[in-house]
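An overview of the molecular structure
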Amino acid sequence: MWAYVVRRLAYSLVTVLGVLFLLFVLFFLVTNPDDIARKAVGEKAPPQALEQWKKNHGYDKPRFWNREQPTDSMLVDHFRRMLTFEFGNSDADDTPIWRRLRSGAGPSLSLSLPLFTLGLLLTISLGLLVAFFRETYIDRMGVILCVLAMSVSTVLYIIGGQYLIARVLRWFPISGFDPSPAVIGRFLAVPVLVGLLSNVGDSVRFYRAVFVEESSRDYVRTARAKGCGEARILSHHVLRSSLVPILTQVVVAIPQLVMGSILLESFFGIPGLGSITFDAINANDFATLRTMVYLGSLLFILGQILTDVSYTLVDPRVRLE
Amino acid sequence: MEPYLLSNAVVVALLAGLGAALVSAGRSRVWRDAGRELVRRRPIALAILLAYVAIGLLDSLAWVSGSSGGAMPGGDTVSLHKPRSAIDRLFPDDSYREKSYSAPLAEREFLGGAPLRHPGRHLLGTDILGRDVLYQTLKGARVALLVGGFTTLIVIPLALLFGVVAGYFGGRVDDVIFFLISTLASMPGLLLLIALIMVLGRGPVQVCVALGVTGWVGFARVVRGETLKLRELDYVHAARALGASDARIVLRHIVPNLMHLVVITFVLTFSGLVLSEAVLSWLGIGIDGSWGRMIDQARDELSRDPIIWWNLVSASFALFGLILAVNLLGDAVRDILDPRTLRERA
């Protein structure tokens, strides 16, 4: 298995290089450094200021190849800095990007961890419940509700949830954030509830499909024939054999776990990585945005390796070679 | 040529293409039966979708009125020479504009309570600048169809090309394409989308292109897998033994057998694309005139007193109706055309 992990890591490195190259194409070839500089310094800035800014941010180098100094081009610089996690300063206000990442990671995690765990518990139990009543009216109602819930845009859940819970019912503050443990829950309650609601339809339908599919297998019939109760079949047999698709589904959420939810954080004023991304969009902060996409991809690739390895834990038939 | 004539021509060409596709599909019994089954299973969703399409079409064909000159009473002359679509013509000109908000079917002005200038003219009220909400909502249909339809027109050829080539030829070609696919797939969707729009610039075409670039990967994977399977089937071997060229095999024997996946993907990705546009609008990088933009503009108005809800509610309902209809159709289309392959992607 270790040989597999090493090989997998090597292939992932190639993928990371691919991601970096795509980012280079996007941020250094498609965009003109002059435009970035002009947006940062302002339309009416004197040419010297423009040049100085480009110099400070490394946008003045040749794109691919520097005749005098082969290691000093934007391409080399981009790869070297990203691979050594030296992200430099923001394009918009020159704060070090690392400082932003450090300040944003905590708030993001404090929102995404409860959202993730509660979401997983809620959707899997609802999926099991609907699958338990499969081919009855409860099942049909469940599926219809899921399709209805899926058809509502996330942004409407956010507006509606905040309006109902925070404005009309006044249970929790409308927005804001305070990291002290005594009050943090009050600020996170509405975003967590809204986040849960906004993907319940999608996930429950997915898990229901997985469980119903699994329930038609032979071993389920055998268990039933031996007198095993339907609830026990679902919780002991079907759920366990469904762990592989569940894991696959979970990995997709890993980057979001750390990178935060852009929509939720920016709307509810939580100063996490999602908010930082949102601010980067509005401030034309290409350096920060670049870093975010890179880190997100990195986390996703790591997550994929983890899933592949964890398959061996949940399914003894899977052997990694 | 005038820009509006060009856009009319594009619409007509699209319609003609759609008509031709439907006619040629109607010749084959499989597709005809599938179509009948769809109408039988989801008549209401189909009708709703057709209504949206009709509104979008009415709004897409614009023309200039024949009358030349002559100022409107109290209005400007320019508006006479602007090409206006059928939807535009249904609504009164700017000369009937309110000053600001008017609640649905209100008699008095929202702020201050002075009598409305044109009471009863705005069925769904007006927004802060006095623009008719019903008019904006109807105009949104065209944008949504554009986002969903135009983008899938980018997604499907890209995915078919790369997927079929990778699956059919295998070897080095497959390695390269698969590397491209897995690289793109490992970049988080929303972040990549944002980066693309930031880089390409803001605007309707850019948004569609960005959605297309991020959207084709998943489908290309499915196409690649299916092509790998089809390549080994007996009739493909037979065609090769008879001396058919690669191009002929791909076009005659492989691509037609992928068509059911194309139709399913078209319907299933459509709603996702429209919803993504709403998210992008929320982030400030969406398309002007979309429902997402209306929702974005209306979101702070809920906190006004008295509350302003009609903007938000009409845009939301229009969006919800379209997505629901398409989602219901998508499920039915998938069940009819392909009960198994795409299950896991649900």
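Residues numbered from 1 in each chain as written. Chains lettered and ligands numbered in written order. Predicted model: local features only at pLDDT ≥ 70, side-chain atom pairs only at ≥ 80, totals over all residues.

Take the environment of Met74(A) next. All names here are of chain A. Locating Met-74 in the fold gives a position in helix α4 (residues 74–83). By the C-beta count within 10 Å, which is 21 here, Met-74 ends up buried. Counting along the chain gives twelve residues from Met-74 to Pro-62, while the straight-line C-alpha distance between them is 6.2 Å. Not counting residues within four places of it along the chain, the set of residues in contact with Met-74 comprises Phe-28, Gly-58, Lys-61 and Arg-63. (Helix = DSSP H or I, 4+ residues; strand = E, 2+ residues; numbered from the N terminus. Buried ≥ 20, exposed ≤ 12 C-beta atoms within 10 Å, placed from the backbone. Contact = placed C-beta atoms within 7 Å.)

Quick look at the confidence of the model for chain B now. Counting all residues, the mean pLDDT for chain B is 81, and 84% of those residues have values of 70 or more. Quick note on the complex model: pTM equals 0.85, ipTM equals 0.85. (pLDDT = per-residue confidence, 0-100.)

Positive phi values are uncommon outside glycine, yet Phe85(A) reaches one of about 55°. In this structure, Phe85(A) sits in the loop between α4 and α5 (97–132).

This paragraph deals with the packing of helix α6 (residues 137–150) of chain A against helix α9 (residues 200–215) of chain A. Residues and elements named next belong to chain A. Relative to each other, α6 and α9 sit at 140°, their axes nearing to 7 Å. Looking at the two axes, α6 sits oblique to α9. Regarding α6 and α9, the two cross each other, and that crossing is left-handed. Contacts between α6 and α9 involve Val-143, Cys-146, Ala-149 and Met-150 on the former and, on the latter, Val-200, Gly-201, Asp-202, Val-204 and Arg-205. Grouping the amino acids of the contact of α6 with α9 by side-chain chemistry returns six nonpolar, one polar and two charged. (Axes fitted to C-alpha atoms, helices over the stretch in contact; angles between N-to-C directions. Parallel < 35°, antiparallel > 145°, perpendicular 65-115°, else oblique. Left-handed = near helix turned anticlockwise from the far one by under 90°. Nonpolar A, V, L, I, M, F, W, Y, C, P; charged D, E, K, R; others polar.)

Right, let's talk about the nonpolar core for a bit. One broad rule of soluble globular proteins: the nonpolar side chains tend to lie buried together. The biggest cluster of nonpolar side chains holds 132 residues, and the ones touching the most others in it are Ile194(B) and Ala195(B). Per-element tally for this core: the top contributor is helix α6 (residues 133–169) of chain B, with 16 residues. Dropping the residues within four chain positions of it, Ile194(B) is found in contact with Ile281(A), Leu289(A), Leu283(B) and Ile285(B). Membership of the second largest hydrophobic core comes to ten residues, among which are Cys146(A), Met150(A), Val204(A) and Val238(A). (Core = buried A, V, L, I, M, F, W, Y, C linked by C-beta atoms within 7 Å.)

The subject of this paragraph is the packing of α6(B) against helix α7 (residues 171–185) of chain B. The relative placement of two packed helices comes down to the angle between their axes together with the axis-to-axis distance. Residues and elements named next belong to chain B. Axis separation between α6 and α7 bottoms out at 7 Å; the angle between their running directions is 140°. When the axes of α6 and α7 are compared, the crossing they make is left-handed. Note on element contacts: α7 touches α6 through Gly-171, Val-173, Asp-174, Ile-177 and Phe-178, opposite Phe-162, Val-165, Ala-166 and Phe-169. Its residues placed into classes, the contact of α6 with α7 shows seven nonpolar, one polar and one charged.

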